[in-house]
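Structural overview
For reference, the chains in residue letters:
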Amino acid sequence: MSRPATRTAPPVRPVAGARAEKVPATVKGGRRRGDWYAHLFIAPSLFGVVAFLLLPVLIVFGLSLFDWELLSEPRFVGLDNYARLAADGQVWHSLWVTVLFVLLCIPLQTVLALVLALLLNRRIRGVRIYRALFVVPWMATPIVMGLVWHWIFDPRDGALNRALDLVGVTGPAWLSDPTWALPAVALVNVWQHTGYTMLFFLAGLQGIPQEMYDAAATDGATPVQRFFHVTLPLLNPTMFFVSVTSLIGAFQVFDTIFAMTDGGPGHSTEAFNFTIYQTAFKEFDFGYAATLSLLLFVIILLVTLAQVRFFGKRTTYDLS
Amino acid sequence: MKRTLLHAVLLAGAFVSVFPYLLVVLTAFKSQGQLNSTEPWLPGVPPTGANLARILEGDFPRALLNTVLMTAVLTAGQLVFTTFAAYAFARLRFRGREPLFWLYLATMMVPGAVTVIPLFLIMRELGLVNTWWGLLVPFLFGTPYGIFLMRQFFRGLPAGLEEAARIDGAGPLTILLKIMLPLCRPALGTLAIITVISSWNSFLWPLIITSGEDTKVITVAMATLKGGVGVDYNLLMAGGLIALVPMVAIFIFFQRHIVRSVVLTGLK
């Protein structure tokens, strides 16, 4: 902690002569002057937060009570949009697609990331390079990689089915097959996020003191027991963070679907965010699209709260 | 034996991670004929620069320039406004600090998917659809996430740091710029990298708010390349190569920093 202190010295010296007169003056007016500066510092970001985050949320609430096709005047319809939502099979289908997508992605991605982190949390040759290579997909522009994977999954010319041909297997039509399209898109999502998730687990694993494992080993715990009774419980905070953030992301999936399937074939990959986009910017049904956004908001909020309760209930260990 | 198996597993994983990138590079340098006559994972011999030349003839260079501009402006805005706000929240005392910070935290919970429609309507009301302002302004003033990150960092600095300077009569602005800023270069680096990546890769907002050449960014340009039945994969991969190279370059140069910063942002 001594380094910052020495660093502060040079800028202080030039104004040292002002000490005698300045101090009494700021004692009384200091609070107000501090306020003024603080407000000035906050102002731009507060404008951003209010105008582009809070106001939009209020607008979404208000807009959900209107029927508005942009060109006409907005028409107040009360709760009509909500009634329509309740009876809209396409919307519930889209919600179901989203839930399936999340269920296909998150468990696989989390388990894979944890396994990779366990494999890389040891001294092996090239561990740095492996780590870097696994994180590479996270940097990729989702829309670009969506297009690349679209080609990989091509039924005839795609790399996947060509490779399967070599071993004598005829691959399905993937993205044009309603059964395989969603798993394929989910797989791309797993590809993109596993390495990134692994980094968090690695950090979590490195925060577990060796003594805990030593103690468990002394008590005769097998490696499997050590994993379930030492590693996993101590990873609880990491697991909480990873689970909350990756679920929030997966519920809003858009780019990958836009690039790979456009929601098809036959709505089989039309996740909720895609439906919102279609409703607003293809059908110009803005009031209804706002109602759909609100539903997504509530769902994400509930899922997050459920995780707060789930992870909060489990024992956490304070190692500090 | 066990070691060999471990390396085999890791190599397989690394291969899957990198394979799509490899495909982009191989295909970008293949001719149409080579694309049809070789397996996707084999290189075309001899390699051709024709696809790159072709993509650089169209509106793609303009889209690339637009993306660079957008990324630069958004990153600059994020760094400047976030630093000021985070410093105030972390180290200054002022009326309304706690409730305001809670407000910021609450807005972190608002998913992007929810704000897109109202943001579009706000921009439409202001006549900013299909303009640079419309593209940039909603994300110019720093994100609550960035402010949270920087605030945590400022709070971690030793408490007495400003005292000496304050006693000597330095104002908050001097203290921030001369004393605090040099200390938070690692945190600013982290924030910059995250902002560069997310701006460069952003798609939904540019797709909605822009339509003309002047403001078209590279992700939107890529999406339009896909249109139609017969996709020109040579051209598409050449475009993909151009879009991906800057991200890969950043990754190679800042690899260690990125790995460290990802961990830092998540677990504070």
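Conventions used here
Residues numbered from 1 in each chain as written. Chains lettered and ligands numbered in written order. Predicted model: local features only at pLDDT ≥ 70, side-chain atom pairs only at ≥ 80, totals over all residues. UniProt positions renumbered as here; feature names shortened; annotations may be inferred. Helix = DSSP H or I, 4+ residues; strand = E, 2+ residues; numbered from the N terminus. Buried ≥ 20, exposed ≤ 12 C-beta atoms within 10 Å, placed from the backbone. Contact = placed C-beta atoms within 7 Å. Domains from an automatic or database assignment. Nonpolar A, V, L, I, M, F, W, Y, C, P; charged D, E, K, R; others polar. Axes fitted to C-alpha atoms, helices over the stretch in contact; angles between N-to-C directions. Parallel < 35°, antiparallel > 145°, perpendicular 65-115°, else oblique. Left-handed = near helix turned anticlockwise from the far one by under 90°. pLDDT = per-residue confidence, 0-100. Core = buried A, V, L, I, M, F, W, Y, C linked by C-beta atoms within 7 Å.

In the annotation of an unreviewed UniProt entry, chain B is listed under the name Multiple sugar transport system permease protein and assigned to Thermocatellispora tengchongensis. As stated in UniProt under Subcellular location (unreviewed entry), the record for chain B gives "Cell membrane". The UniProt entry for chain B carries this comment under Sequence similarities (unreviewed entry): "Belongs to the binding-protein-dependent transport system permease family."

According to the UniProt record, the Sequence similarities (unreviewed entry) comment for chain A is "Belongs to the binding-protein-dependent transport system permease family." Turning to chain A, the UniProt annotation filed under Subcellular location (unreviewed entry) states: "Cell membrane".

1. Let's talk about the overall build of chain B
Helices and strands together make up the secondary structure of chain B, namely 14 helices and zero strands. Written out in order from the N terminus, the α and β elements of chain B read α-α-α-α-α-α-α-α-α-α-α-α-α-α. Over its C-alpha atoms, taken along the principal directions, chain B stretches across nearly 75 × 65 × 30 Å. By the burial criterion, 44% of the 268 residues in chain B qualify as buried. Sequence-distant contacts in chain B: of pairs separated by 6 or more residues, those separated by 24 or more amount to 78%.

2. Quick look at the overall build of chain A
Scanning chain A from terminus to terminus reveals 14 helices and two strands. Buried positions account for 38% of the 320 residues belonging to chain A.

3. As for the domain arrangement of chain A
Taken domain by domain, chain A holds domain 1 (13-63) and domain 2 (80-313). A straight line from the C-alpha centre of domain 1 of chain A to that of domain 2 of chain A covers 40 Å.

4. Focus: the environment of Trp191(A)
One can find Trp191(A) in helix α8 (residues 181-206). Take Trp191(A): there are 21 C-beta atoms within 10 Å of it, and that puts it in the buried class. In this structure the C-alpha to C-alpha distance between Trp191(A) and Val135(A), which are 56 residues apart in sequence, comes to 9.9 Å. Excluding its chain neighbours within four sequence positions, the residues that come into contact with Trp191(A) are Pro137(A) and Val16(B).

5. Describing the UniProt feature "transmembrane region" (unreviewed entry) in chain B
Residues and elements named next belong to chain B. Feature annotation in UniProt assigns "transmembrane region" (unreviewed entry) to the following positions: residues 68-89, 101-123, 135-154 and 235-254. Secondary structure content for residues 68-89 is 100% helix and 0% strand, while the C-alpha to C-alpha distance between its ends is 31 Å. In residues 135-154, helix accounts for 65% and strand for 0%; the two terminal C-alpha atoms are 31 Å from one another.

6. Quick word on the interface of chain A and chain B
On the chain B side, the residues contacting the 82 residues of chain A number 85 residues. Of the residues contributing to the side of chain A that touches chain B, the split by class is 65 nonpolar, 10 polar and seven charged.

7. Examining the UniProt feature "domain: ABC transmembrane type-1" (unreviewed entry) in chain A
Summarizing the sequence annotation, UniProt attributes the feature "domain: ABC transmembrane type-1" (unreviewed entry) to residues 95-307 of chain A in the numbering used throughout. Secondary structure over residues 95-307 of chain A splits into 75% helix and 0% strand, and the C-alpha atoms at its two ends are 19 Å apart.

8. Details of the packing of helix α4 (residues 60-91) of chain B against helix α8 (residues 144-156) of chain B
Residue and element names in this part refer to chain B. Closest axis-to-axis distance for the α4/α8 pair is 8 Å, and the angle between their directions is 50°. In this view, α4 runs oblique relative to α8, as classed from their interaxial angle. As for the relative orientation of α4 and α8, their crossing is right-handed in sense. Residues Gln78, Thr82, Thr83, Ala85, Ala86, Tyr87, Phe89, Ala90 and Arg91 of α4 lie in contact with α8, whose contacting residues are Gly146, Ile147, Met150, Arg151, Phe154 and Arg155. Of the residues that constitute the contact of α4 with α8, the class distribution is eight nonpolar, four polar and three charged.

9. Details of the environment of Leu235(B)
All names here are of chain B. Examined against the element boundaries, leucine 235 turns out to sit in helix α14 (residues 233-267). Judged by C-beta crowding, with 20 C-beta atoms within 10 Å, leucine 235 ranks as buried. For the pair formed by leucine 235 and leucine 52, sequence separation is 183 residues and the distance between their alpha carbons is 7.4 Å. Once residues within four sequence positions are removed from consideration, leucine 235 is found in contact with Asn51, Arg54, Ile55 and Leu225.

10. A word on the confidence of the model for chain B
Residues and elements named next belong to chain B. With 96% of its residues at a pLDDT of at least 70, chain B reaches an overall mean of 88. Here α14 stands out as the least confident element of chain B, with mean pLDDT 81; helix α7 (residues 132-136) is the most confident, with 96. Model confidence for the complex is summarised by a pTM of 0.87, with the ipTM given as 0.90.

11. Regarding the nonpolar core
Soluble globular proteins: nonpolar side chains tend toward being buried together. With 153 residues, the main nonpolar core has Phe101(A), Val144(A), Val148(A), Ala85(B), Ala88(B) and Ile117(B) as its most contacted residues. Looking at which element gives the most residues to this core, the answer is α8(A), with 14 residues. Looking at which domains feed residues into this core, each of domain 1 (13-63) and domain 2 (80-313) of chain A supplies at least three. Dropping the residues within four chain positions of it, Ala85(B) is found in contact with Phe41(A), Ile42(A), Ser45(A), Gly142(B) and Ile147(B).

12. Side note on the UniProt feature "transmembrane region" (unreviewed entry) in chain A
Mapped onto this numbering, the UniProt entry annotates "transmembrane region" (unreviewed entry) at residues 40-66, 95-120, 132-152, 180-203, 234-254 and 286-306 of chain A. Secondary structure within residues 40-66 of chain A divides into 89% helix and 4% strand; the distance between the first and last C-alpha atoms comes to 38 Å.

13. What to know about unusual backbone geometry
Looking along the chain, the bond that leaves Gly264(A) and enters Pro265(A) is cis, with omega of -5°. Inspection of the secondary structure assignment puts Pro265(A) in the loop between α12 (255-260) and α13 (272-281). The omega torsion across Val45(B) and Pro46(B) is -5°, close enough to zero to call that bond cis. Within the secondary structure, Pro46(B) sits in the loop between α2 (32-37) and α3 (50-57). The phi angle at Leu70(A) is positive, at roughly 75°, despite the residue not being glycine. Mapped onto the elements, Leu70(A) comes out in the loop between β1 (66-67) and β2 (75-76).

14. Re the confidence of the model for chain A
Residues and elements named next belong to chain A. A residue-level look at chain A finds 87% of positions with pLDDT of 70 or above and a mean pLDDT of 85. When pLDDT is averaged over each helix and strand of chain A, the minimum, 37, is found for helix α1 (residues 2-12) and the maximum, 95, for helix α4 (residues 89-120). Here residues 1-30 scores under 50 on pLDDT; set against residues more than four positions off or in separate chains, the count is 29 contacts.

15. Some words on the environment of Thr215(B)
Residues and elements named next belong to chain B. Inspection of the secondary structure puts threonine 215 in the loop between α12 (204-209) and α13 (218-225). Exposure remark for threonine 215: the 22 C-beta atoms within 10 Å place this residue in the buried category. Considering only alpha carbons, one finds threonine 215 and leucine 135, 80 residues apart in sequence, at a separation of 7.9 Å. Beyond its immediate stretch of four places on either side in the chain, threonine 215 contacts Asn66, Asn130, Thr131, Trp132, Leu135 and Thr210.

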